[in-house]
Amino acid sequence: MEEKIQELFCKLRDIGASFLIYQKRDNLEQTRKILPEIQEFVLWFLEGNRFGIEEELYQNMSSNLLEVLKDILEALEQEDMVLLHDAAANGLLEYLQLFVNTEQEDGANDNI
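Predicted, not measured: the structure shown is a model, and the values here were computed from it.

### Overview of the overall build of the protein chain
Here is step 1 of the chain: Helices and strands together make up the secondary structure of the protein chain, namely six helices and zero strands.
Here is step 2 of the chain: Each helix (α) and strand (β) of the protein chain, taken in turn from the N terminus, gives the series α-α-α-α-α-α.
Here is step 3 of the chain: A globule of 112 residues ought to have a C-alpha radius of gyration of about 13 Å, and the protein chain, at 14 Å, matches this closely.
Here is step 4 of the chain: Judged by the C-alpha coordinates and their principal axes, the protein chain covers about 40 × 35 × 20 Å.
Here is step 5 of the chain: In the protein chain, which comprises 112 residues, the share counted as buried stands at 38%.
Here is step 6 of the chain: A separation of at least 24 residues holds for 68% of the contacts in the protein chain among residues at least 6 apart in sequence.

### Digging into the environment of V82
Here is step 1 of the chain: With respect to the element layout, V82 can be found in helix 5 (residues 81–97).
Here is step 2 of the chain: We classify V82 as exposed; its relative accessible area is 59%.
Here is step 3 of the chain: Linking V82 and I21, residues 61 residues apart in sequence, is a C-alpha distance of 14 Å.

### Here we look at the side chain of S62
Here is step 1 of the chain: Note on placement: S62 falls in helix 4 (residues 55–78).
Here is step 2 of the chain: We classify S62 as buried; its relative accessible area is 6%.

### Some words on the pattern of salt bridges
Here is step 1 of the chain: Under the criterion given, the structure shown has six salt bridges.
Here is step 2 of the chain: Note that K4 and E40 form a salt bridge whose closest N and O atoms lie 2.8 Å from each other. Here the residue K4 occupies a position in helix 1 (residues 2–20), and E40 occupies one in helix 3 (residues 35–46), the gap between them amounting to 36 residues.
Here is step 3 of the chain: K4 gets classed as partly exposed once you look at its relative accessible area, which sits at 45%.

### Thoughts on helix 3
Here is step 1 of the chain: Its twelve residues place the ends of helix 3 16 Å apart at the C-alpha level, agreeing with the 16 Å of an ideal helix rising 1.5 Å per residue.
Here is step 2 of the chain: Contact partners of the buried residues in helix 3: helix 1, helix 2 (27–33), helix 4 and helix 5.
Here is step 3 of the chain: A positive backbone phi angle near 160° is found at G48, which sits one or two residues after helix 3.

### Focus: the environment of V100
Here is step 1 of the chain: Mapped onto the secondary structure, V100 falls in the loop between helix 5 and helix 6 (102–106).
Here is step 2 of the chain: Through-space distance from the C-alpha of V100 to that of K4 is 9.9 Å; in sequence the pair is 96 residues apart.

Rules used in this analysis
- In this convention, every chain numbers its residues from 1, walking through the sequence in written order.
- In keeping with the model being predicted, local features are shown solely for residues with a pLDDT of at least 70 and side-chain atom pairs are shown and tallied solely at 80 or more, while totals for entire chains, interfaces and linings include all residues.
- Calculation of side-chain values draws on the structure's entire complement of heavy atoms; hydrogens and water are dropped beforehand.
- Each helix is a run of H or I in the DSSP string that is no shorter than four residues. Each strand is a run of E no shorter than two, and both are numbered from the N terminus.
- Atoms counted for the radius of gyration: C-alpha only. Globule rule: 2.2 Å times the number of residues to the power 0.38.
- Note on exposure labels: buried denotes an accessible area under 20% of the residue type's maximum, exposed denotes more than 50%, and partly exposed covers the range between, all computed with a 1.4 Å probe on protein chains only.
- Any two residues whose heavy atoms approach within 4.5 Å are treated as being in contact.
- Salt bridges are counted wherever a side-chain nitrogen of Lys or Arg sits within 4 Å of a carboxyl oxygen of Asp or Glu.
- Working rule for helices: expected span equals 1.5 Å times residues minus one.

Quick look at the structure:
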């Protein structure tokens, strides 16, 4: 799962960078393509507290992650590029970053 999270992180990061830096307005389409990967991560995270953190913190994080997913789905439904960027960059990427190997990320090839 670690490798899949790394890949998803890079894809979302690149979509966000393209949206902000290069003004590409295809983040809705690009996110729709990786929706199954997003769903897989969310389901994996929600399977249970395998992280060794306090249960209350895990429950709060799980609730917040579901809100982020709800925002992403709402943005896709309403074709709201700004909400989608916010939910992905300030929501989902924050969760993914918890599991990303920063050393591997630093050496990653940027495909923007």
